[in-house]
Amino acid sequence: MTPPVAPRIPPVVDAAWLATHAPGGGAGPHVVLADVRWYLTDPDGSAAHAAYAEGHLPGAVYVDLDAWLAGPATAADGRHPLPHPDVFARGMGSFGIGDGTTVVAYDDAGGVIAARLVWLLRALGHDAALLDGGFFAPEVRAWAGGVTTDVVAREPATFTPRSWPADLLVTIDEVAPGTRDDATVVLDARPAERFRGEGADVDPRVGHVPGAVSVPCRENVDERGHLLPVGALRDRFAAAGVTADAVEAGEVVSMCGSGVTACHTLLALEHVGLGRARLYAGSWSQYAATPLPAATGA
């Protein structure tokens, strides 16, 4: 199988980009907006579905994370393993997202959930980007002319299934102490208190992979939900031991609780010019279900 080509658009775009690329906004690729709201405290997805029904950006399709962006949860694979390529392709096609479609995804959490869809698409070589600021950004609302409750139904499209690229993924053995390469930098995107092991957790154990570095993805954005300036993001990653050379060598890994918000870190690394790091899809939910050593504290 021919390897996927690199996406042609940046991993993050803003309302100004949409103004010149989205339908009716001038020349450029046809864009499908995807609403990828999801909440950890909403196990059946009802609250996220209701939020979309109560108001979404005009033309946006709702993409259910559990149905289309993850496989069935198991102790062996974690809470959100990568979806089977056939399932992912079927879901994308049903939303009118085809092989030549450009996708811009948003949520209401600074992009940390929508990043999963963007990363999956970009990993396969599709043009996809995160909408900076997301659902509540005033400039996004101004571009969209507000929100709508209209039901969005798009014509199905052909989305060709492809295997997930092995060079962008790591296994549990590549993050576990004792089998991990000494040069590997493991970035943990969970909130700092979960990394430290404070309080209860949704996973079997609290704590983190020994040697991992806490770089909470929700701190990649400001209080308005916009990404921090490039310089500030670069400083965050540099403090964690990330260099462009390490990313290029495949020595930088992103993980979180279940492999979802870790994608936000991956997009941020690409956004600031550090390259495409690798995802540990099983993340803490897989690791915590094993007898491998865990650490607590900072």
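Note on numbering: residues in each chain are counted from 1, in written sequence order. This being a predicted model, a pLDDT of at least 70 is required before a residue's local features are given, and a value of 80 or more before pairs of side-chain atoms are given or counted; all residues contribute to the totals for chains, interfaces and linings. Side-chain metrics rest on all non-hydrogen atoms present in the structure, leaving aside hydrogens and water.

With respect to the overall build of the chain
Where we set the bar: A run of H or I in DSSP becomes a helix once it reaches four residues, and a run of E becomes a strand once it reaches two; helices and strands are each numbered from the N terminus. Just to be clear, the radius of gyration here is over C-alpha atoms, and the globule rule we use is 2.2 Å times residues to the power 0.38. Think of it in three bands: with a 1.4 Å probe and only protein chains considered, a residue is buried below 20% of the maximum accessible area for its type, exposed above 50%, and partly exposed in between. For the area figures, the Shrake-Rupley method with a 1.4 Å probe applies, and any residue is considered shielded solely by the protein chains shown.
When helices and strands are tallied, the chain shows 11 helices and nine strands. Taken over the C-alpha trace, the chain has a radius of gyration of 18 Å; the compact-globule value for 298 residues is 19 Å, and the two agree within 12%. Summarising its shape, the C-alpha atoms of the chain cover approximately 55 × 45 × 40 Å along the three principal directions. For the chain, the residues scored as buried account for 55% of the 298 residues in total. Carbon and sulfur atoms provide 56% of the accessible area of the chain, an area that totals close to 12,200 Å².

Quick notes on empty space enclosed by the protein
What counts, and what does not: Of the grid points, spaced at 1 Å and generated over the protein atoms alone, those admitting a 1.4 Å probe that cannot get out make up cavities, while open sets with protein on both sides within 12 Å along at least five of seven lines make up pockets; any residue with an atom within 4 Å of a point is treated as lining. Grid points are joined across faces, edges and corners, and a volume is the space filled by probe spheres set on the points. Think of it as three bins: nonpolar holds Ala, Val, Leu, Ile, Met, Phe, Trp, Tyr, Cys and Pro, charged holds Asp, Glu, Lys and Arg, and polar takes everything else, Gly as well.
One pass over the structure, following the stated rule, counts two cavities of 30 Å³ or more. Each pocket or cavity is described by its volume, and for the largest cavity that value is around 60 Å³. Lining the largest cavity, in full, are W119, R122, L168, L266, L267, E270, R276 and A277. For the lining of the largest cavity, the secondary structure elements donating two or more residues are α5 (114-123) and α10 (262-271). Broken down by element, the residue count for the lining of the largest cavity peaks at three residues, all from α10. Residues of the lining of the largest cavity, tallied by class, amount to five nonpolar, no polar and three charged. Reported here for the second largest cavity is a volume of approximately 30 Å³. Forming the boundary of the second largest cavity are G110, G111, L130, L131, D132, G133, G134, G225, L227 and H264. Residues belonging to the lining of the second largest cavity are distributed by class as follows: three nonpolar, six polar and one charged.

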